[in-house]
Protein chains: 2
Amino acid sequence: GNETSAAAAAARQDQLTKPTGSLGQLEALAVWLARWQGQAVPRLDDVSVIVFAGNHGVTAQGVSPYPAAVTAQMVANYARGGAAINQLATLAQAKLTVVPLDLDRPTADFTGAPAMDVAQFLDAVNAGYDAVPARCALLALGEMGIGNTTAAAAIAAALLGGDAASWVGRGAGIGDDGLRLKQEVVDMALARHRAVLGDPLAVAMSLGGRELAAILGATVAARRHGIPVLLDGFVCTAAVLPLLKLNADALSHCQAAHVSAEAGHRALLAAMKLNPLLDLGMRLGEASGAAAAILLLRAAVACHAGMATFAEAGVAERSGP
Amino acid sequence: GNETSAAAAAARQDQLTKPTGSLGQLEALAVWLARWQGQAVPRLDDVSVIVFAGNHGVTAQGVSPYPAAVTAQMVANYARGGAAINQLATLAQAKLTVVPLDLDRPTADFTGAPAMDVAQFLDAVNAGYDAVPARCALLALGEMGIGNTTAAAAIAAALLGGDAASWVGRGAGIGDDGLRLKQEVVDMALARHRAVLGDPLAVAMSLGGRELAAILGATVAARRHGIPVLLDGFVCTAAVLPLLKLNADALSHCQAAHVSAEAGHRALLAAMKLNPLLDLGMRLGEASGAAAAILLLRAAVACHAGMATFAEAGVAERSGP
């Protein structure tokens, strides 16, 4: 991050025609964008949304109310412009890219084997890394993959502790029996892979999925290129948890776009010291919460760049008690 | 509200390519707009933001860190396009109207007399009523007035009980001594007007201000015309509290845009059973939070109107547990 740009942005905020701090997080977001864009007045000319999609062998355990075929069907829906993320990306004036990752080759059912071998894991990480443009003003990340809230819960439990019940939620809307089954599946997976639970990347490989690995790779690429990142919901947040475990500063170029309705997300964000921008009870994934949060960043930049200073406007500054 | 339109909108939501309920409040907002616009697929073609401005005799007590002249200076800033609300209304594609209300004639200092007499109060209410266009898709309301968080706290305390300390906040940023003074001022005002505290409109007249009265009038006009309303922060919420006290259903065409950082706002919203859309620590007023929330309503409408249904997209519906 560029602290000179951040300090210049903060100084500008204090000169704008409003009480200091009165735009709340919109001020902090402008400063954060300035820090990562390396300019005192950040811009949002080219914003990218990338949705990674993967399939999961663990769906064989019955952890989702939807058939695994829906992953590819939704990718086709994105291509035709029919999904929520298409509408939200258009509204946010962001370019949407969807990256399907070997959808016809699901990961292994991680109750019995590592989800991916090393080569598969690195392929997915690299696909994520390579999907990030070398230059863009802001990157919003999201995912699609039937079964992937099970993988996300397993990663959270593996790296943060607590039993499966603390992290497993209803995902796309599983019922009570399904929820108990999903918890059992995660507990089985944790037992199966207990030898690697201390190794964040081995956890990502063994309990994750291709789209989670790609999000991890894309987050590293964005940091390398100095691109600020908006993380979507529970799955996206769990996908980058291994990075935070490896380096406490690894996510300072990231903002949590929202806290979702998925059961474990609020606790996951708190454990990762991420402060979500929105709390709208969303739980769709596909970068929908991140795209909604782009709108708030546009609001932050519009105020930061467009407002008059006290001097320019001839407005008196504070004088009283 | 049109329950047929609302039911049709809810039925459409259940057919869109996403798990039922997974867009959270964005779904509820689409249904709410459908109810008040009277159409199953709401539109946001013409959105209006109205900012009412007034001056307050109680500023003589030293309740604000800014001189009262700032009210008119900020109105001039709005006219030149230099304020936060200018940037936010432009971003939200909303028409901004600013209505200054007798700025050279402040209300009376309500520690000693009613803020307004009946004629002044009704003039302000009518100015608000008349400012609302007969047709618009959505109306965002806000205010500017040095000293008006003192009036808002007085109204909240008068109509909801609790002492001044429960409702008085730092407004534009008053210090600790100023905060204690402001609490004393509100307690003085409550004692001075204790005879009318059971009468919501008398409270609005005696402890309020012209811009608060105008917001009350505009909210009534919007209900009359069937226009959904976004309420801004603490002052705007307190301004419509008298309507809720008169009729428990009076604000069902209104959404609280955000919960502000002003101390009493969260408790005020809770007491009024209003669920804020945003929680960004904003405390600027001038409809800034309401304008930011327009962006969320645009997101809700974009998804509702633009998404494909399961049948259209050939995506499988839920089948599993």
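Sequence order sets the numbering: in each chain, residues are counted from 1 along the sequence as written. Written order determines the labels here, with chains lettered from A and ligands numbered from 1. With the structure being a predicted model, the display of local features is reserved for residues of pLDDT at least 70 and the display and counting of side-chain atom pairs for 80 or more, all residues being used for whole-chain, interface and lining totals. Water and hydrogen atoms play no part in the side-chain values, which are based on all heavy atoms of the structure.

On to the overall build of chain A. Helical segments are the DSSP runs of H or I of at least four residues, strand segments are the runs of E of at least two, and each set is numbered from the N terminus. Along its length, chain A carries 14 helices and five strands. For this measure, only C-alpha atoms enter the radius of gyration; the expected value for a globule follows 2.2 Å times N^0.38, where N is the number of residues. A compact globule built from 321 residues should have a C-alpha radius of gyration of about 20 Å, and chain A, at 20 Å, falls within 12% of that. Along the three orthogonal principal directions, the C-alpha set of chain A runs to about 70 × 40 × 35 Å. For the exposure calls, accessible area comes from a 1.4 Å probe over protein chains only, and a residue counts as buried if that area is under 20% of its type's maximum, exposed if over 50%, partly exposed in between. Looking at the 321 residues of chain A, the share that counts as buried comes to 60%. In what follows, residue pairs with any heavy atoms lying within 4.5 Å of each other are defined as contacts. Looking at chain A alone, contacts between residues at least 24 apart form 79% of all its contacts between residues at least 6 apart. When the accessible surface of chain A is summed, it comes to about 10,700 Å², and 52% of that surface belongs to carbon and sulfur atoms. Chain A carries 22 positive and 26 negative side-chain charges, and their two centres are separated by 3 Å. Each accessible area is a Shrake-Rupley estimate made with a 1.4 Å probe; only the visible protein chains count as cover when residues are assessed. Residues scored as charged are limited to Lys and Arg (positive) and Asp and Glu (negative), so that His and the chain ends carry no count. Charged side chains are reduced to one point each, which is NZ for Lys, CZ for Arg, CG for Asp and CD for Glu.

Further remarks concern the pairing of strand E1 (residues 47-53) of chain A. Side-chain direction in a regular strand flips from residue to residue, so the side chains alternate between the two faces of the sheet. Residue and element names in this part refer to chain A. Burial analysis of E1 places seven of its seven residues in the buried class, which makes it a mostly covered element. Judged by which residues are buried, E1 turns out to be covered on both faces: Val47, Val49, Val51 and Ala53 on one side and Ser48, Ile50 and Phe52 on the other are all buried. In terms of strand pairing, E1 meets strand E3 (residues 138-144) through seven bridges, oriented parallel. Residue Ser48 lies in a different strand from E3, and its bridge partner there is Leu139. Note on pairing: DSSP must find at least two bridges between two strands before they are called paired.

So, on to the nonpolar core. Counting residues in each nonpolar core, the largest one holds 110 residues, and the members touching the most others are Val49, Leu230 and Ile294 of chain A together with Val49, Leu230 and Ile294 of chain B. Ile294 of chain A has contacts with Val47, Val49, Ala92, Ala94, Leu138, Ala140 and Leu230 of chain A, leaving out every residue within four places of it along the chain. Residues belong to a common nonpolar core when they are buried Ala, Val, Leu, Ile, Met, Phe, Trp, Tyr or Cys residues joined through side-chain atoms within 4.5 Å.

Residues and elements named next belong to chain B. Here a helix's expected span is defined as the number of its residues, less one, multiplied by 1.5 Å. With 17 residues, helix H8 (residues 176-192) should reach 24 Å at 1.5 Å per residue; the first-to-last C-alpha distance of 24 Å fits that figure. Among the residues of H8, those classed as buried are Gly178, Leu179, Lys182, Gln183, Val185, Val186, Ala189 and Leu190. Burial along H8 is one-sided: seen end-on, the buried residues are contained in an arc of 160°. Buried residues along H8 sit in contact with helix H6 (148-160), helix H7 (164-167) and helix H9 (200-207). The directions considered for the arc are those from the helix axis to the C-beta atoms.

Side-chain pairs of opposite charge can arise where the charged atoms are in close proximity. Residue and element names in this part refer to chain A. Definition used for salt bridges: Asp or Glu carboxyl oxygen within 4 Å of a side-chain nitrogen of Lys or Arg. A complete count under the given rule lists 18 salt bridges over all chains for this structure. Lys18 serves as the salt-bridge partner of Glu27, at 2.9 Å between the closest nitrogen and oxygen. This pair shows no difference in class: Glu27 is buried, exactly as Lys18 is. With its nearest N and O atoms 2.7 Å apart, the salt bridge here joins Asp176 to Arg170.

For these two chains of identical sequence, chain A goes onto chain B by a turn of 180° and a shift of 0.0 Å along the axis, with RMSD 0.0 Å. The two molecules are tied by a two-fold rotation axis, judged by turn and shift. Superposing copies: least-squares fit, C-alpha atoms only, residues required to have pLDDT of at least 70 in both.

Taken together, the 59 residues of chain A in the interface contact 59 residues of chain B. The term buried area means the drop in 1.4 Å probe accessible area that two parts suffer when joined, counted for both and summed. The junction of chain A with chain B conceals about 4,600 Å² of combined surface from both sides, 64% of it contributed by carbon and sulfur atoms. By residue number, the principal contributor to the side of chain A that touches chain B is helix H13 (residues 288-306) of chain A, which donates seven residues. Just so you know the grouping, Ala, Val, Leu, Ile, Met, Phe, Trp, Tyr, Cys and Pro go in nonpolar, Asp, Glu, Lys and Arg go in charged, and all remaining residues, Gly too, go in polar. Residues belonging to the side of chain A that touches chain B are distributed by class as follows: 31 nonpolar, 21 polar and seven charged.

With respect to the element layout, Thr219 of chain B can be found in helix H10 (residues 210-225). Take Thr219 of chain B: its relative accessible area is 0%, and that puts it in the buried class.

Further remarks concern the packing of helix H5 (residues 118-131) of chain A against helix H10 (residues 210-225) of chain A. Packed helix pairs are specified by the crossing angle of their axes together with the interaxial distance, meaning the distance between the axes. Residue and element names in this part refer to chain A. Interaxial distance between H5 and H10 falls to 6 Å at its minimum, and their mutual angle equals 45°. When the axis of H5 is compared with that of H10, the two are oblique. Between H5 and H10 the crossing geometry is right-handed. Residues Gln120, Phe121, Ala124, Val125, Gly128 and Tyr129 of H5 lie in contact with H10, whose contacting residues are Arg210, Ala213, Ala214, Leu216, Gly217, Ala218, Val220, Ala221 and Arg224. Axis angles are defined between N-to-C directions and span 0 to 180 degrees, where every axis is a line fitted to C-alpha atoms and, for a helix, only to the segment in contact. When an angle is under 35 degrees it counts as roughly parallel; over 145 it counts as roughly antiparallel; between 65 and 115 it counts as roughly perpendicular; any other value is oblique. Note on convention: near helix rotated counterclockwise from far helix by under a right angle means a left-handed crossing. Clockwise means right-handed.

Residues spaced three or four apart along an α-helix face the same direction, because each turn holds 3.6 residues. All names here are of chain B. If you check helix H1 (residues 3-15), its first and last C-alpha atoms are 19 Å apart, about what 13 residues at 1.5 Å a residue would give, namely 18 Å. Turning to H1, its buried residues number three or more, namely Ser5, Ala6, Ala9 and Gln13. Burial along H1 is one-sided: seen end-on, the buried residues are contained in an arc of 100°. Along its buried surface, H1 packs onto helix H2 (25-37) and helix H13 (288-306). Throughout this description, a polar contact denotes any pair of N or O atoms lying within 3.5 Å of each other; where both atoms belong to protein, one of them has to be capable of donating a hydrogen while the other can accept it, and for residues adjacent in sequence the pair is counted only when both atoms sit in side chains. A side-chain oxygen of the first residue of H1 lies 3.0 Å from the backbone nitrogen of Thr4; this N-cap is Asn2.

Residues and elements named next belong to chain A. Across the sheet, which stays open at both edges, the five strands sit in the order E2-E1-E3-E4-E5 with parallel pairing between neighbours. In this open sheet, the two strands that pair with only one neighbour each are strand E2 (94-100) and strand E5 (254-256). Here the strands of the sheet are splayed against their neighbours by 25° on average, with no regard to which way each runs. Pairing analysis gives three bridges linking strand E4 (residues 229-231) to E5, with the strands arranged parallel. Within E5, the residue paired with Val229 across the bridge is Cys254. Of the strands in this sheet, E3 and E4 touch helix H11 (residues 234-246), which is tilted by about 105° from E3.

The next subject is the sheet that holds strand E1 (residues 47-53) of chain B. Strand pairing within a sheet occurs via backbone hydrogen bonds; the two strands may be parallel or antiparallel. Residues and elements named next belong to chain B. Reading across the sheet, the five strands line up as E2-E1-E3-E4-E5 and stay open at both edges, with parallel pairing between neighbours. Each end of this open sheet is capped by a strand with a single partner; those strands are strand E2 (94-100) and strand E5 (254-256). Pairwise comparison of adjacent strand axes, ignoring direction, gives a mean angle of 25° for this sheet. Across the sheet, helix H11 (residues 234-246) is in contact with strand E3 (138-144) and strand E4 (229-231); its angle to E3 comes to roughly 105°.

Attention now goes to the side chain of Thr17 of chain A. Of note, Thr17 of chain A is situated in the loop between helix H1 (3-15) and helix H2 (25-37). Residue classification places Thr17 of chain A among the buried positions, given a relative accessible area of 1%. Here Asn77 of chain B takes part through its side chain, which lies 2.9 Å from a polar atom of the side chain of Thr17 of chain A. A polar contact is formed between the side chain of Thr17 of chain A and the backbone oxygen of Gly82 of chain B, at a distance of 3.4 Å. Ignoring anything within four residues of it in the chain, the contact list for Thr17 of chain A reads Met307, Ala308, Thr309, Phe310, Ala313 and Val315 of chain A together with Met74, Asn77, Gly82 and Ala83 of chain B.

Residue and element names in this part refer to chain B. Backbone geometry at Gln93 places phi at a positive 55°, although glycine is not the residue there. With respect to the element layout, Gln93 can be found in the loop between helix H4 (84-91) and E2. A relative accessible area of 57% places Gln93 in the exposed class. Of note, the phi angle at Asp102 is positive, near 45°, even though the residue is not glycine. Counting through the fold element by element, Asp102 comes out in the loop between E2 and helix H5 (118-131).

So yeah, pure geometry; function would need other evidence.
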